[in-house]
Amino acid sequence: MSNSTEKEQLQAEVTQEEKKIHKAKKKVTEKDTLEALGNREYKWGFYTDIEQEYAAPGLNEDVVRFISMKKKEPEWMLEWRLRAFRNWQKMKEPTWVNVKYPPIDYQSQRYYAAPKTDDDRPKSLDEVDPELIKTYEKLGIPLEEQKMLAGVAVDAVFDSVSVATTFKEKLAEEGIIFCSMSEAVHNHPDLVKKYLGSVVPYNDNFFAALNSAVFSDGSFVYVPKGVRCPMELSTYFRINSENTGQFERTLIVAEDSSYVSYLEGCTAPKRDTHQLHAAVVELVALDNAEIKYSTVQNWYPGDKDGKGGIYNFVTKRGKCAGVNSKISWTQVETGSAITWKYPSVVLQGDNSIGEFYSVALTMNHQQADTGTKMIHLGNNTKSTIVSKGIAGGVSQNSYRGLVKVMKKAKNARNFSQCDSLLLGDRCGAHTFPYVEVNNTSSQVEHEATTSKIGEDQIFYLNQRGISTEDAVSIIVNGFAKEVFRELPMEFAVEAQKLLGVSLEGSVG
Amino acid sequence: MLEIKNLHVEVENTKILKGIDLSVKPGEVHAIMGPNGSGKSTLAQAISGRDTYDVTNGEIIYLGKDLLDMEPDERAREGVFMAFQYPVEIPGVTNSYFLKTGLNEIRKHQGLEPLDAMDFLKHIKEKAKLLDINTDMLNRSVNEGFSGGEKKRNEILQMAVLEPKLAILDETDSGLDIDALRIVADGVNRLRTKDRAIIVVTHYQRLLNYIVPDHVHIMLEGKLVKSGDKKLAMELEEKGYDQIKEEYSSVKAKLEETV
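1. Observations regarding the overall build of chain A
Part 1 of the argument: Broken down by element type, chain A carries 13 helices and 23 strands.
Part 2 of the argument: In chain A, buried positions account for 61% of the 508 residues.
Part 3 of the argument: A fraction of 84% describes how many contacts in chain A between residues 6 or more apart in sequence connect residues 24 or more apart.
Part 4 of the argument: Element-wise, carbon and sulfur atoms account for 49% of the exposed surface of chain A, whose accessible area totals about 19,000 Å².

What follows is the structure, encoded as structure tokens:
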């Protein structure tokens, strides 16, 4: 099946969904619609009944050892985990964030769950548990179809263990390594030893330390010198097991003059209880290398009363280690009960570039405290921040960003733009920009706006035949356009499905 | 086509329209004239369905259907169009996308296939040519950074693209210089057909030099106090609203005496 046919099919489904919604909502007033948009049912809330192998709840050194043993890890990996765990025990959970949640009982969580098929890894999709395939089909991203989607190779993480890795051979021809972190530990120990923790050390922060101790799996990407990765690399994460914290660990290394674009998509089923997701993503770009990292995150946000939902406490950081290197984060965050993350770039190499494009949508009781950190160390380093926060229901949406220019970073440049859009009057938008400039040759610009979706805008679209619900989508979409433009084409349909926002111009 | 009977409208509990009767047939152009605050824009808003305008009495029948029973977007899909006095800006949404979405909603309602990007482009270019409008406007965000004249031309372009059965121009002439006024009026004239009714709401007679109406109605204090043909507009130009007001109050006084 061709890419366009696939897209058309998805498009048709979306249209069908929209029709249904439209019919049901025909009579509602604007306020009701804003409410309805916030209260929309989580469509991806299903549960896959696959036998799991659990670690006992709780966290101690034995659990760390159990995880390492289950994964048949070498001694050095276990040692690293234990160092992280011992550090974590001494650390305190941070409290400065602008979100509220009840204390997390780390001892009641399970830290390992793997599909039973772990010992007998499927060699092809045919060997994958049909239940699992069904799960992906419900997501609208069947793996088989995805293989054929133009240039997308998928390393699917189902709970903690990778069950299918596709396109590996083709990538191998180019010398590109794209595999699960567990495989990398076994097959590429030198690379893992060299780079794991080199951007986010195991004692970086409370959640990063926790992740380092118990990380389950994740993706590893290595692009050798001078290679331009011929396809978008993609991982779909899914939290499936009840009360299982999900601790992915992703590491991407781009050697000199290489390029890679990586897509991360997330969906999790509904649960009444809150689930903790504390991932770590590390990116390393060497001389003249470029990494583009895109995320569409729609973890379960909890129900309309704020019950359940994912706590998404993630550490994402990239290091522009080489000269003229570039790292670009693009994120569309619509899910999770709480999102707490700051994809950052350390601009170490001279002339390196860091970018952050973000749309964070919060509805109902969702809370988001997200933004970025741009740390300028090298000369002539440049960073761009474009953040679009959209808040509805009784949600709270905060942008928090740090631009830090060190003394030696001559002629550093930063441009930040943070816009907030409010849907209704019970939600909140906040902006916390921190700027530290330690030399006189640098230039930092910051722009911020807050606006409320206008009744007159909605009426104007109504008067041209567009329903209120579509009108809201169109206005929100227009607001977030600068960021959507940065998303790779492969994500366009996905983002449209997840956001319920029609993506202007980029599809059909 | 349009039958308005005894229409009463309130805005935030203030009575604005106090019993409007108006009958409009296909192909006709009606001008509603009146001084500021007489309620002429309220009539336009009430027909298009703005929810801050409460209809407390009366009815609006459009093509045999009860218009008041429909949401604003349904009215639009049924062919009711209003050119806004103050067109609204929608940042980040291109004019062409906005218009394509609207047009396809209307087509869907009519049981027609949606136009794809290519066909739509053809359609809109045709209309722009007809109205002598530069197509640069299409790729800009809806009304964002448009001059007053551009905004009004954009309204007329939308009218051309959406091909309404009933078009209401709400003070389309306000804020336009004479050249812009002529372009807008020419556009409207080109969109006059035997099936399409047009209601022109205006304060000044000058627009009616370019768009020649079949009927002219004068609104005062929420009522249509005088109706006639285009001569009435000229009479108004000569005498001004004051004289009409005087006539109206003396008539009103007499009426009150007889009651």
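2. What to know about the interface of chain B and chain A
Part 1 of the argument: Between chain B and chain A, the contact holds 38 residues from the first and 25 residues from the second.
Part 2 of the argument: Buried surface at the junction of chain B and chain A, both sides included, amounts to about 2,700 Å², of which 57% is carbon and sulfur.
Part 3 of the argument: Contact with chain A buries area across many residues of chain B, yet R50(B), Y97(B) and F98(B) alone supply 20% of it, more than any other trio.
Part 4 of the argument: The tally of links between chain B and chain A comes to one salt bridge.
Part 5 of the argument: For E155(B), the salt bridge identified is with R464(A), shortest N-O distance 2.6 Å.

3. Some points on the sheet that holds strand β1 (residues 2-11) of chain B
Residue and element names in this part refer to chain B.
Part 1 of the argument: Spatially, the four strands line up as an open sheet ordered β2-β1-β4-β5, and their pairing is antiparallel. The sheet is open, and its two edges are formed by β2 (14-24) and β5 (65-66), each paired on a single side.
Part 2 of the argument: Judged from the two bridges that link them, strand β4 (residues 53-62) and β5 form a sheet pairing that is antiparallel. Pairing of Y62 across the sheet is with K65, part of β5.
Part 3 of the argument: Contacting β1, β2 and β4, helix α1 (residues 40-48) runs over the sheet at an angle of about 110° to β1.

4. Points about the packing of helix α5 (residues 148-162) of chain B against helix α6 (residues 178-190) of chain B
Residue and element names in this part refer to chain B.
Part 1 of the argument: For the pair α5 and α6, the least separation of the axes is 10 Å and the interaxial angle reads 5°. With respect to their mutual orientation, α5 and α6 come out roughly parallel. Between α5 and α6, the residues in contact are K152, R153 and I156 and I183, V184, G187 and V188, respectively.
Part 2 of the argument: For the contact of α5 with α6, the per-class residue count stands at four nonpolar, one polar and two charged.

5. Describing the nonpolar core
Soluble globular proteins tend to pack their nonpolar side chains together in the buried interior.
Part 1 of the argument: Counting 106 residues, the largest nonpolar core has I47(B) and I199(B) as the members making the most contacts within it.
Part 2 of the argument: The element that contributes the greatest number of residues to this core is helix α12 (residues 468-484) of chain A, accounting for nine residues.
Part 3 of the argument: Ignoring anything within four residues of it in the chain, the contact list for I199(B) reads L2(B), L22(B), V24(B), H30(B), I32(B), I47(B), L166(B), A167(B), I168(B) and L169(B).

6. Looking at the pattern of salt bridges
Part 1 of the argument: In this structure the tally under the stated criterion is 29 salt bridges over all chains.
Part 2 of the argument: E61(A) serves as the salt-bridge partner of R65(A), at 3.4 Å between the closest nitrogen and oxygen. With R65(A) and E61(A) both in helix α3 (residues 61-70) and four residues apart, the pair spans about one turn of that helix.
Part 3 of the argument: Residue classification places R65(A) among the partly exposed residues on the basis of a relative accessible area of 37%.
Part 4 of the argument: A salt bridge links K388(A) to E482(A); the nearest nitrogen and oxygen atoms lie 2.9 Å apart. Taken together, the residues span a long stretch of sequence, with K388(A) in strand β19 (residues 382-391) and E482(A) in helix α12 at a distance of 94 residues.
Part 5 of the argument: Counted as one network, the salt bridges with shared partners bring together D73(B), R77(B), E105(B) and K108(B).

7. As for the sheet that holds strand β11 (residues 215-220) of chain B
All names here are of chain B.
Part 1 of the argument: In spatial order, the strands read β6-β9-β10-β3-β11-β12; together these six strands make up an open sheet with mixed pairing. Whereas interior strands pair on both sides, the edge strands pair on one side only; in this sheet they are β6 (80-83) and β12 (223-228). When the angles between neighbouring strand axes are averaged without regard to direction, this sheet yields 20°.
Part 2 of the argument: As judged from the five bridges shared by strand β9 (residues 166-170) and strand β10 (residues 197-202), these two strands associate in the parallel manner.

8. Notes on unusual backbone geometry
Residue and element names in this part refer to chain B.
Part 1 of the argument: Non-glycine residue N6 carries a positive phi angle of around 50°.
Part 2 of the argument: With respect to the secondary-structure elements, N6 resides in strand β1.
Part 3 of the argument: Look at N6 and you get partly exposed, because its relative accessible area is 35%.
Part 4 of the argument: One non-glycine residue, N13, adopts positive backbone phi at about 70°.
Part 5 of the argument: Along the chain, N13 turns up in the loop between β1 and β2.
Part 6 of the argument: Note on N13: relative accessible area 72%, which makes it exposed.

9. Points about the confidence of the model for chain B
All names here are of chain B.
Part 1 of the argument: Of the residues in chain B, 99% reach a pLDDT of 70 or more, and the chain-wide mean stands at 91.
Part 2 of the argument: The secondary-structure element of chain B with the lowest mean pLDDT is helix α8 (residues 230-258), recorded at 80, while β6 shows the highest, at 97.
Part 3 of the argument: The ipTM for the predicted assembly is 0.94, set against a pTM of 0.76.

10. With respect to the environment of S325(A)
All names here are of chain A.
Part 1 of the argument: Mapping S325 onto the fold places it in the loop between β13 (309-320) and β14 (326-333).
Part 2 of the argument: Judged by relative accessible area, S325 falls into the buried class, the value being 1%.
Part 3 of the argument: With near-sequence residues (within four places) excluded, S325 lies in contact with A285, L286, N288, A289, C320, N351, S352 and I353.
Part 4 of the argument: A distance of 2.7 Å separates the side chain of S325 from the backbone oxygen of G322, its partner in a polar contact.

Rules behind the numbers
- Residues numbered from 1 in each chain as written.
- Chains lettered and ligands numbered in written order.
- Predicted model: local features only at pLDDT ≥ 70, side-chain atom pairs only at ≥ 80, totals over all residues.
- Heavy atoms only, no water.
- Helix = DSSP H or I, 4+ residues; strand = E, 2+ residues; numbered from the N terminus.
- Buried < 20%, exposed > 50% of the residue type's maximum accessible area, 1.4 Å probe, protein only.
- Contact = heavy atoms within 4.5 Å.
- Areas by Shrake-Rupley, 256 points an atom, 1.4 Å probe, with all protein chains shown as cover.
- Buried area = accessible area lost by both parts, 1.4 Å probe.
- Salt bridge = Lys/Arg side-chain N within 4 Å of Asp/Glu carboxyl O.
- Pairing = 2+ DSSP bridges.
- Axes fitted to C-alpha atoms, helices over the stretch in contact; angles between N-to-C directions.
- Parallel < 35°, antiparallel > 145°, perpendicular 65-115°, else oblique.
- Nonpolar A, V, L, I, M, F, W, Y, C, P; charged D, E, K, R; others polar.
- Core = buried A, V, L, I, M, F, W, Y, C linked by side-chain atoms within 4.5 Å.
- pLDDT = per-residue confidence, 0-100.
- Polar contact = N/O pair within 3.5 Å; in protein donor to acceptor, adjacent residues only side chain to side chain.

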